[in-house]
Amino acid sequence: MKYEPRPEVKDDGLDESIKKLTPEKIKETIRFALDKECGARLKVYMDTCVHCGLCATACHQCISHDMDPKYAPVAKVKDTLVEIFKKDCKVSPEFMKLAARIAYIECGGCRRCSMYCPFGIDIAYLLMVVRRICSMLGVVPMYLQDTTNSHSVTYNQMWVQQDEWIDTLQWQEEDAQKVVKTARIPLEKEGADIMYSVIAPEPKILAQLLANAAVIFAVAGLDWTMPATDGWDNSNMAMYSGDFESSGRLERLHHETAMRLKVKKIVMGECGHAFRGAVYDGPRHIGQAYPAVPVIHAIEFYHDLITSGKIKIVKKFKKPVTVQDPCNTVRGRGLGGKLRDLMNWLCEDFRDMNPRFEHNYCCGAGGGVINCGPPWTRNRVVANRTKGDQINATGAEVVVTPCHNCHSGIEDIIKEYAPGTHVKFISELLVDEGCMEIPEHLRPGGD
Amino acid sequence: MPDYKDWNWEPDKKIIADVADIGNKYSEVHEFVVSGDGEKIAVPVKTGDGEFTACVNGELWDARFERLWYPRFGPDARLAALVMSDDEWTVGVDGSVWDEKFEYVWNTQFSADGGRIGVQTKKNFQYSVCIDGKPWENTYLSIREFQMSRDGATVAVLAQLEELSEADVFTFLDGTWGVVVDDKPWDDKYMNTWGVTLSDDGRHVGLQVRVDNMKYGIVADGKLWPEIFAHVWEPGFRPGTGSLLAPVKTAGGFALYEDGSPIWDSRFMQIWKLVFSPDANRVCAVVCPEFGRTTVAVDDRAWDITFADVVRDQVFSPDSARVAAITKDNNRWSICVDGKPWPVDFDMVWKPAFSHDGSSVVAKGEQDGKYFVAVDGRVWNQPFEMLWEPIMSPDGAKVLLRYVEGGKYCRRVMPLNEIK
Ligand code: SF4
Ligand code: SF4
């Protein structure tokens, strides 16, 4: 066990924002959050914890810090909520800064620890309550707040302008036609079966993934559409910053857009937190128990396309591959089995991680942690040496990451701990690596 | 002003275009759209390498474009499409192209009579709008919503009025977004602005704003309502008046306010999507009486029946007496009228319409990939390959059907009582 002071990190979202706080404002805000927004659930969890510390070994941050006790899940609650209760909400601005750091940076809300707690206490929920309080007080890491601001203005997380979105789809359609001549990205097609939604990094920095989707849809012969309006981004960082009003607003528009287009389901690209937002956390922020429109994650979608024969696998990827289980689709929704099927169908040398499935460790980027931006990158990488060890133990050269946060987070991790390893989305195996059959008659120049 | 009373309401069936033939003729045929009166069907088609145009009732526009998309018929049945040539975008209307060109144009809007057509524009990385080919003089950092008054004389947009550098969360808090009406920005700026709406005559402007991290408000004609709320949703003007209504979240739950004061006694977990009766005296909204249940409330009274998934697209009867809405429960779509659900459900259902006397409700439904017309909960046993929403005749005795059957697009007016 090791104890080291937290490294100094400058983040104006925390450092500057607390200057505007007074103890009275803090107390009033916390009281409101605890009394008006948190019910029996919070009280039961707080009263049930016996401080046994079993959750400590579950947290990648604690393990990666050589079991430094301050990174134990129970300690994160003790240093935030327990302290707040003890002091009857009379806490200082400096305290709020530390609480924000613990809740936003030192916990990614991955929910692994609740599986190791004998009582199943949902520590991620408790730290989400802390995030909510911080958000109400405006003490949020600057880049995460900026992402939330983008969501609140543009309904996407990267300030993508409306014309940039449509324009990108139009040129990605042209790119897709270089692979499959009939490929289209049908915009605003009312009555299509499927609305395909993605997260903003796709049009902004990974546009080829949109072309890949168009290729897959064309080969599978599906009736699909994408909106040419706001509501196309299924991501939701407001859910993680604690701005539940913006979170609800986003989820409402995402589903409203699908209903306006009269589709029967939403298929979403390879992203985990977006699934949590669209399927099980987001709807609650607008008073709904279920998503208004059924949502299918890319893992389920590809699985269904292959098992139904709509797409055929004609080649296996040769290099040794391992796979990251995105917390929100695997621990949160049990898609680990289908993910393994895909890996085995697509890869000649699939080497599973250990531990795996719902026991796999978080990538360390999810839960809004990577959105806290450059000031915290080093911190995030140090806090997930565990993942680097896991990847190295497989000997894999490629890590498949069916989630944008996992993809970017693991990219940083392998740079540090597993150089020479690369990350890939499943759609890249299907299309770019040629695992999926493109029938001759669909190829440009083919009959 | 086009009046649907002037449409041809003689019971008759007319084949307008051979859709199957259009499909065979061109290497790419995109999505079909039809005019309100059913007399025209249009689709973007590829006529050559990198060459597109609009095909209307089987006839091509003369001009060819590198791209043509988003064809939309206005209420006067003119066709407007977004077109690109030499990397410049503009709008083509019935085959003629606006002189003014842009880096991008999108989000076509029509005035109620179709006489005015507007789009959002981008030029030199600045944003604006262009109405009938005449661009506004000013440009803005960004524009996200764009509303035209019914008469088309007034245009309001939400625009970014202050520069915001990357991750500048403090300037954002001070307010960078505001309202621009007819190219004149309002003085006030807010953290967030949403749901700008205009009164029928365009003289009044309302919207939702976020004034602080946790504080939301409603702005009417530039003035913030005195009360601040925990949340707000889209406001709407009572037809023919300058009175603004909005769902607002108060300590007791969501309430319906008019001009800053509550008008409903009930409080709900959620209220949104206000719809006014034609006589402007009544208002209904989608409400959640409890977590996970949703229904319609009309004038402060929620229907007894509630639904788990969705309620949307409410519509009043022309006499303002009745309300119908789309519902979804257990992933099955249906229609509910005055709190009474239809006995049939569908894979998908479209917005219902009342007959003129309010006695009948008609809707388009989809089942197993075929489209059907349903009246008062009975499904007409006549499947269509394609079908647009049925329109009731002014006398309520007939219905206009626009559909594709056997590869042909048809316009048919038939007596309502023949749909069985
Ligand atoms: S990061 Fe995951 S394991 Fe660690 S405290 Fe948070 S929820 Fe628990
Ligand atoms: S394992 Fe459960 S009971 Fe034990 S300290 Fe952690 S949260 Fe508390």
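All values derive from a computational prediction rather than experimental measurement. (Residues numbered from 1 in each chain as written. Chains lettered and ligands numbered in written order. Predicted model: local features only at pLDDT ≥ 70, side-chain atom pairs only at ≥ 80, totals over all residues. Heavy atoms only, no water.)

### A look at the overall build of chain A
Along the backbone of chain A there are 21 helices and eight strands. Against the compact-globule benchmark of 22 Å for 447 residues, chain A has a radius of gyration of 22 Å, which places it among compact chains. Taking the principal axes of its C-alpha atoms as reference, chain A extends roughly 75 × 45 × 35 Å. Taking all 447 residues of chain A together, the buried fraction comes to 66%. Across chain A, every contact between residues at least 6 apart in sequence was considered, and the portion connecting residues at least 24 apart equals 82%. Here chain A has roughly 15,300 Å² of accessible surface; of this, 53% comes from carbon and sulfur atoms. (Helix = DSSP H or I, 4+ residues; strand = E, 2+ residues; numbered from the N terminus. Rg over C-alpha atoms; globule rule 2.2 N^0.38 Å. Buried < 20%, exposed > 50% of the residue type's maximum accessible area, 1.4 Å probe, protein only. Contact = heavy atoms within 4.5 Å. Areas by Shrake-Rupley, 256 points an atom, 1.4 Å probe, with all protein chains shown as cover.)

### A short note on the interface of chain B and chain A
Listed as interface residues are 63 residues of chain B and, on the opposing side, 60 residues of chain A. At the boundary of chain B with chain A, total buried surface from both sides reaches about 4,900 Å², with 51% on carbon and sulfur atoms. If you look at where chain B meets chain A, you find ten salt bridges. Put simply, B:R144 and A:D230 hold a salt bridge, and the shortest N to O gap is 2.8 Å. At the surface where chain B touches chain A, the tally comes to 31 residue pairs in polar contact (both at pLDDT 80 or more). When its residues are assigned to classes, the side of chain B that touches chain A shows 35 nonpolar, ten polar and 18 charged. (Buried area = accessible area lost by both parts, 1.4 Å probe. Salt bridge = Lys/Arg side-chain N within 4 Å of Asp/Glu carboxyl O. Polar contact = N/O pair within 3.5 Å; in protein donor to acceptor, adjacent residues only side chain to side chain. Nonpolar A, V, L, I, M, F, W, Y, C, P; charged D, E, K, R; others polar.)

### Examining the packing of helix 16 (residues 298-307) of chain A against helix 17 (residues 336-346) of chain A
All names here are of chain A. Running from N to C, helix 16 and helix 17 point in directions that differ by 55°, and their axes come no closer than 9 Å. What the angle tells us is that helix 16 and helix 17 run oblique. Considering the relative orientation of helix 16 and helix 17, their crossing is left-handed. Residues I299, E300, Y302, H303, I306 and T307 of helix 16 lie in contact with helix 17, whose contacting residues are K338, L339, D341, L342 and W345. Partitioned by chemical class, the residues of the contact of helix 16 with helix 17 number six nonpolar, two polar and three charged. (Axes fitted to C-alpha atoms, helices over the stretch in contact; angles between N-to-C directions. Parallel < 35°, antiparallel > 145°, perpendicular 65-115°, else oblique. Left-handed = near helix turned anticlockwise from the far one by under 90°.)

### Regarding the pattern of salt bridges
Counted according to the given criterion, the structure contains 67 salt bridges over all chains. In this structure, B:E258 and B:R238 form a salt bridge, with 2.9 Å as the shortest nitrogen-oxygen distance. Note that B:E258 is positioned in strand 25 (residues 253-258) and B:R238 in the loop between strand 23 (236-237) and strand 24 (244-250), a separation of 20 residues in sequence. Each member of the pair B:E258 and B:R238 is classed as buried. Members of the salt-bridge network, linked through shared partners, are A:R41, A:R111, A:D122, A:R276, A:D281 and A:R284.

### With respect to the domain arrangement of chain A
Residue and element names in this part refer to chain A. Split by domain assignment, chain A resolves into domain 1 (12-140), domain 2 (155-308) and domain 3 (321-432). Computed from C-alpha atoms alone, the centre-to-centre distance between domain 1 and domain 2 is 32 Å. Each partner contributes to the interface: domain 1 provides eight residues, whereas domain 2 provides ten residues. For the pair domain 1 and domain 2, the summed buried surface comes to about 750 Å²; carbon and sulfur atoms form 42% of the total. Together, R111, M128 and R132 form the three largest contributors to the area buried by domain 1 at its contact with domain 2, with a combined 62%. The tally of links from domain 1 across to domain 2 stands at two salt bridges. The partner of R132 in a salt bridge is E245, with the nearest N and O atoms 2.9 Å apart. Summed over the shared surface of domain 1 and domain 2, the result is six residue pairs in polar contact (both at pLDDT 80 or more). Broken down by element, the side of domain 1 that touches domain 2 gets its largest block of residues, four residues, from helix 8 (residues 123-137). When its residues are assigned to classes, the side of domain 1 that touches domain 2 shows three nonpolar, two polar and three charged. (Domains from an automatic or database assignment.)

### Let's talk about the pairing of strand 32 (residues 323-329) of chain B
Residue and element names in this part refer to chain B. Here strand 32 lies mainly inside the structure; six of its seven residues are buried. Between the antiparallel neighbours strand 31 (residues 310-316) and strand 32 lie six residues, among them S320 with a positive phi of about 70°. Where strand 32 meets strand 33 (residues 332-337), six bridges bridge the pair, whose relative direction is antiparallel. Counterpart to D329 in the pairing with strand 33 is R332. (Pairing = 2+ DSSP bridges.)

### Some details on the sheet that holds strand 9 (residues 96-97) of chain B
Each strand in a sheet pairs with its neighbour through backbone hydrogen bonds, running either in the same direction (parallel) or in the opposite one (antiparallel). Residues and elements named next belong to chain B. Across the sheet, four strands lie side by side as 6-7-8-9; this open sheet has antiparallel pairing. Looking along the sheet, the strands with just one partner apiece sit at the ends: strand 6 (67-73) and strand 9. Pairing analysis gives six bridges linking strand 7 (residues 79-85) to strand 8 (residues 88-93), with the strands arranged antiparallel. In the sheet register, V83 faces strand 8, and the bridge partner there is T90.

### Overview of the side chain of B:T154
Residue and element names in this part refer to chain B. Structurally, T154 is set in the loop between strand 14 (142-148) and strand 15 (155-160). Among the residues examined, T154 registers a relative accessible area of 9% and is labelled buried. When sequence neighbours within four positions are dropped, the list of residues in contact with T154 reads Q147, M148, S149, V181, D182, L198, D201 and G202.

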